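Spelled out, the chains give:
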Amino acid sequence: MISVTLKDQADFGAWKVAARKLLLNKIAPENVNWAAPGGMQSLFEMSAQSIDTLRDITLTNALTVSSSFVSIAERVICHRDPERFARLYRILWRLQTDRQLLKQTTDNDIIWMTDCDKAIRRDRHKMHAFVRFRKVGEGRYKREQFAAWFEPTHFITRLATPFFMRRFPNMDWIIVTPDCTAIWNGQDLTFAPGGTKADVPADDSMEKHWKVYFQSIFNPARLKVGAMMSEMPKKYWHNMPEAADIPKMIETAQARERKMRAAAPAMPHPLAAILKSRTASLENAADIDSLSQARNAIQTCQMCPLHCNASQAVFGEGPAHANLMIVGEQPGDEEDIAGRPFIGPAGKILDEALTAENIDRSSVYVTNAIKHFKFKLRGKRRIHERPNASEIDHCRWWLKTEINFVKPKVIVALGTSAAKAITGKTIKISDCRGDIIDLSKGRKLIVTYHPAFILRSPSPEQQDMAFKALNLDLARAQRLSTSEELSQT
Ligand code: URA
């Protein structure tokens, strides 16, 4: 009997290395005893020979492992079934002689594996949907820090948390679970031992937002209690602030539905509850007398419908009196979540170009023509949609406000929407790219390619050409903005 003791409950990498060594040494599944931390040591294990005593055989191409088995096994290893290491090894062993095994849907091992896989996918989905972060402070460079406590059914923390890294790249967060803690610092996702609920400091500042959000999406006319309970099982409720309101919402659903029907023609959009908390729009616009007041006021802006679906308005950032201002089109998916311009894929291209030209991004005021993310839903993805002329027109008020306060000497418009917002005219980039255009008050404008255009360019040659042009135009704008001849007005 050979014993294998894994160091982690769900370390697929370590299981894979061990399974490969066992296979190459032709150790049959019934002769292997698998264990992980926290498990009871069996009598077999105590008397067994360790896997470390087996020969290291480095035969390439000696094993048959299909990629679909690998991707399922990577999930199934996270299941709480104590037999999972052994059963997965048995399937792998059988796959060496039966390549069609995965297709045998009546085979007991395959039924077991498929059921475990479903359970893990479901658990991962629940974790993605029900983790509730609490703000716990601010770190270096004013990065906000968040923490969440979550109790998954299986050992899925390593599997499920890369999702949060992609979703919230610009905040520091930790997710504590009983078995494992995931830590994201903006650069690396690392894992530490599990913790307890007490490790996540109490703070209810985010909780009211969850309640408002949940109430606003809760439609009593469409309430199906059974379906709701299956989608949001009760065991998750105690870590979800909004769940405290569910029993009352169910209780009053019928009465609310009747009221809704009676008021149907006048009903506001379901997101009205969120919007209401943003109160009046621009009634007090005339009172805005600083950039920071404008930054606060824009969160109440309802001048066009784009505010309905965006998470927040994304205002510009940079020095209050920058010589150079860069104007993009509108925030994208990541900017909408983080509340900062140009931090997603297009932002990376812009940063690359600025670095290549030795322009310090922190010396530049970076903003967008449109302050709310415009998108259409495709499945769960939010796909960017180009703003129309009226949206550009409505939002111009904010851009003008930024220009009036920042007083840049030179503005770079990235793409046609930015150029239209600044000049009021429809401009073809190829007609004037890189030219110095006079604006009022001695200010200069340079129109150039948008970084997203570079990302979308069909060939590496075209990408290269557009990237070089962007660099050239930024360098030109930077030189102009530091020249003595132009004053900041
Ligand atoms: N594209 C833009 O125009 N602006 C952003 O902030 C991000 C992507």
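This report concerns the structure included in the present document. Because the structure is predicted, anything quoted here is derived from the model rather than measured. (Residues numbered from 1 in each chain as written. Predicted model: local features only at pLDDT ≥ 70, side-chain atom pairs only at ≥ 80, totals over all residues. Heavy atoms only, no water.)

So, the site of the ligand
The immediate surroundings of the ligand are formed by Gly328, Glu329, Gln330, Pro331, Gly332, Glu335, Pro341, Phe342, Ala346, Asn368 and His450. Within the backbone of Phe342, an N or O atom sits 2.8 Å from an oxygen atom of the ligand. Asn368 has a polar side-chain atom sitting 2.7 Å from a nitrogen atom of the ligand. A total of 230 Å² of accessible area belongs to the ligand in isolation, and the protein chains cover 92% of it. (Near = heavy atom within 4 Å. Polar contact = N/O pair within 3.5 Å; in protein donor to acceptor, adjacent residues only side chain to side chain. Areas by Shrake-Rupley, 256 points an atom, 1.4 Å probe, with all protein chains shown as cover.)

Comments concerning the sheet that holds strand 15 (residues 444-448)
Pairing is mixed across the open sheet formed by 5 strands, whose spatial order is 10-9-13-15-14. Each having just a single partner strand, strand 10 (365-368) and strand 14 (437-438) make up the two edges of the open sheet. Where strand 9 (residues 324-328) lies against strand 10, 4 bridges are found, and the strand directions are parallel. Following the sheet pairing, Val327 is matched in strand 10 by Thr367. Packing of helix 16 (residues 389-406) onto the sheet brings it into contact with strand 9, strand 10 and strand 13 (410-414), and relative to strand 10 it is tilted by some 165°. Where helix 20 (residues 460-481) meets the sheet, its contacts fall on strand 9, strand 13 and strand 15, and the angle it forms with strand 15 comes to roughly 170°. (Pairing = 2+ DSSP bridges. Helix = DSSP H or I, 4+ residues; strand = E, 2+ residues; numbered from the N terminus. Contact = heavy atoms within 4.5 Å. Axes fitted to C-alpha atoms, helices over the stretch in contact; angles between N-to-C directions.)

Quick look at the pairing of strand 6 (residues 172-176)
If a strand is regular, its side chains alternate between the two faces of the sheet. The buried fraction of strand 6 amounts to 4 of the 5 residues, a majority that puts the element mostly inside the structure. Inspection of the sheet shows strand 5 (residues 144-149) paired to strand 6 by 5 bridges, in the parallel sense. Counted as the bridge partner of Gln145 is Asp172 from strand 6. Pairing analysis gives 4 bridges linking strand 6 to strand 7 (residues 180-184), with the strands arranged antiparallel. From the neighbouring strand, Ile175 faces strand 7, where its bridge partner is Ala182. Counted along the chain from strand 6 to the antiparallel partner strand 7, the turn is 3 residues long. (Buried < 20%, exposed > 50% of the residue type's maximum accessible area, 1.4 Å probe, protein only.)

What is shown is where atoms sit, not what they do.
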